[in-house]
Structure formats: structure tokens, C-alpha cells
Amino acid sequence: ARKELLNAKDYLEKTFKIKISGFRSPQMKGINLSVLKLIGLKFDSSLHPTYVPGKYNNFFKRRKIFVKEIIEIPVSVTPLFRLPFSWVWFRNMGLNYAKMCTLLNFLDQDYTCLYFHPWDFVNLNKAPFFGKISNLILRNFFASNSIWLHRQHL
């Protein structure tokens, strides 16, 4: 894992001429933090302190930033009920859900940490994605991205 992550980090830093300081594991599976520290990362944002059926159960994990081997920045969820919120949830649940979750989060947090997926920024109605993306991800995609799609067809 260390070698693969270091190679990817080096490649991205050279290609985009940026310094990568943080990590979020695919599907928020988590990773040994000592590996991230070894390759020079300062923070991890792989902890999603909520319950998502069939994915993970982190309902009782910390919601606030804390330090282990590196800085842990949990993805934001609402207090008490731990409702998740990110772009896919905002798109599926609507603007009022996004506003409510963000306001609730600020009741006891001084930051909001959201995550976005690559598919949140591309037209999923074209190859190679068409027909291969979950309906949960596609739901309301075209309504929320109508301005972007309009610009792509000009």
C-alpha cells in the first residue's frame, strides 16, 4: 500500500505541480494512518461518522477533528442523527436538505467537510459512463447540472 500510494502521490504532484497533503480512501474504507504518515501526508479525511447500510457503520465515531498519527478530519454529518451530507445527498434530497444539514452541523462544529466525486463534475450521459452509473448517483443529475450541460452543447 505504501509503495502504491507513494507512486500515485508523486505522479499527481509532478503532473499537476502541486503538493498533496491529504488523503481520502476510496469508498471511505480507511487505511493504516502510519502508512499515510510515512509518505508525508499531514491529514486523512476517510472517516465518515455515520451509518450507510451496506457500506459502513461509523455511527459512534468522532465527529470532530482529532490527531492520531496524523490529523483526522471526519466528513461532516449532522449532530445526533448523524445525517450524511455531500453532493450526492444534496442532489438527491434537495437544497433544503443541504441547508438544514449545514446549519445543524454548525451547532457544534466550526467547520464543514464535504466530499465530491469525480462524476459530480462530468457529463454522465456520455461514454464511457452512460448505462454504468447507479441511479442514486444519476438521480437529479441533469437538473443540478443543466447549466454545465448547456455550456457543453454550445
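This is a predicted model, so every value here is computed, not measured. Throughout, residues of each chain are indexed from 1 in the direction in which the sequence is written. Totals for whole chains, interfaces and linings use all residues, but because this is a predicted model, local features are given only for residues with pLDDT of at least 70 and pairs of side-chain atoms are given and counted only at 80 or more. Computation of side-chain values covers all heavy atoms of the structure but excludes hydrogens and water.

Description of the overall build of the chain
Strands here are runs of E lasting at least two residues and helices are runs of H or I lasting at least four, both read from the DSSP assignment and numbered beginning at the N terminus. Per the secondary structure count, the chain includes seven helices and six strands. Whether a residue is buried, partly exposed or exposed follows from its accessible area with a 1.4 Å probe, protein chains only, as a fraction of its type maximum: under 20%, in between, or over 50%, in that order. Here the chain, with 154 residues, has 38% of them falling under the buried criterion. Only heavy atoms enter the contact rule, under which two residues are in contact if any of them lie within 4.5 Å. Considering only residue pairs separated by 6 or more positions, the chain has 51% of its internal contacts joining residues 24 or more positions apart. When the accessible surface of the chain is split by element, carbon and sulfur atoms take 63% of a total near 10,300 Å². Computed with the Shrake-Rupley method and a 1.4 Å probe, the accessible areas treat only the protein chains shown as cover for residues.

Considering the sheet that holds strand β2 (residues 43–44)
Strand order in the open sheet formed by four strands is β1-β2-β6-β5, and the pairing between neighbours is mixed. Both outer strands of the open sheet, β1 (22–23) and β5 (66–67), are each paired with one neighbouring strand and no more. When DSSP locates at least two bridges between a pair of strands, those strands are taken to pair.

Thoughts on the side chain of H48
Among the secondary structure elements, H48 is positioned in the loop between β2 and β3 (51–52). Looking at H48, its side chain comes within polar contact range of the side chain of Y56, at 2.5 Å. Beyond its immediate sequence surroundings of up to four residues, H48 is in contact with M28, Y56, N58, V75, S76, V77, P84 and Y115. Under this definition, polar contacts are N or O atom pairs within 3.5 Å; protein pairs additionally need one hydrogen-donor-capable and one acceptor-capable atom, and for neighbouring residues in sequence, both atoms have to be side-chain atoms.

Here's the deal with the environment of F116
Position of F116 among the secondary structure elements: in the loop between α4 (95–105) and α5 (135–138). According to the relative accessible area criterion, F116 is partly exposed, its value standing at 43%. Discounting chain neighbours no more than four positions away, the residues touching F116 are W87 and F121.

What to know about the layout of surface pockets
Here a cavity denotes grid points, spaced 1 Å and computed from the protein atoms alone, that fit a 1.4 Å probe unable to get out, and a pocket denotes an open set having protein on both sides within 12 Å along at least 5 of 7 lines; residues with an atom within 4 Å of a point are the lining. Grid points are joined across faces, edges and corners, and a volume is the space filled by probe spheres set on the points. Volume-wise, the second largest pocket comes out at about 290 Å³. If you trace the second largest pocket, you find 15 residues lining it, with G30, L47, K61, K68 and E72 closest to the centre. Of the residues belonging to the lining of the second largest pocket, the class tally is six nonpolar, three polar and six charged. We call Asp, Glu, Lys and Arg charged. Ala, Val, Leu, Ile, Met, Phe, Trp, Tyr, Cys and Pro are nonpolar, and the rest, Gly among them, are polar.

Regarding the nonpolar core
By nonpolar core is meant a set of buried Ala, Val, Leu, Ile, Met, Phe, Trp, Tyr and Cys residues that side-chain atoms within 4.5 Å join together. Ranked by size, the top nonpolar core spans nine residues in total: L5, I20, F23, L33, V35, L36, I39, L41 and I70. For this core, the element with the highest residue contribution is helix α2 (residues 33–38), accounting for three residues. Ignoring sequence-local partners within four residues, the contact set of L33 consists of D44, K68, E69, I70 and E72.

Some points on helix α1 (residues 2–16)
Here the expected length of a helix is defined as 1.5 Å per residue gap, with one fewer gap than residues. With 15 residues, α1 should cover 21 Å at 1.5 Å per step; its first-to-last C-alpha distance of 21 Å lies within 8% of that length. Where α1 is concerned, the buried positions are L5, K9 and E13. One side of α1 holds all its buried residues, which, seen down the axis, span an arc of 65°. With respect to the buried face of α1, the exposed residues turned more than 90 degrees away are K3, E4, Y11 and K14. Residues of α1 that are buried sit in contact with β1 and α2. Where α1 ends, the next residue or the one after it, K17, has phi of about 50°, a positive value. By arc we mean the arc of the directions from the helix axis to the C-beta atoms, nothing more.

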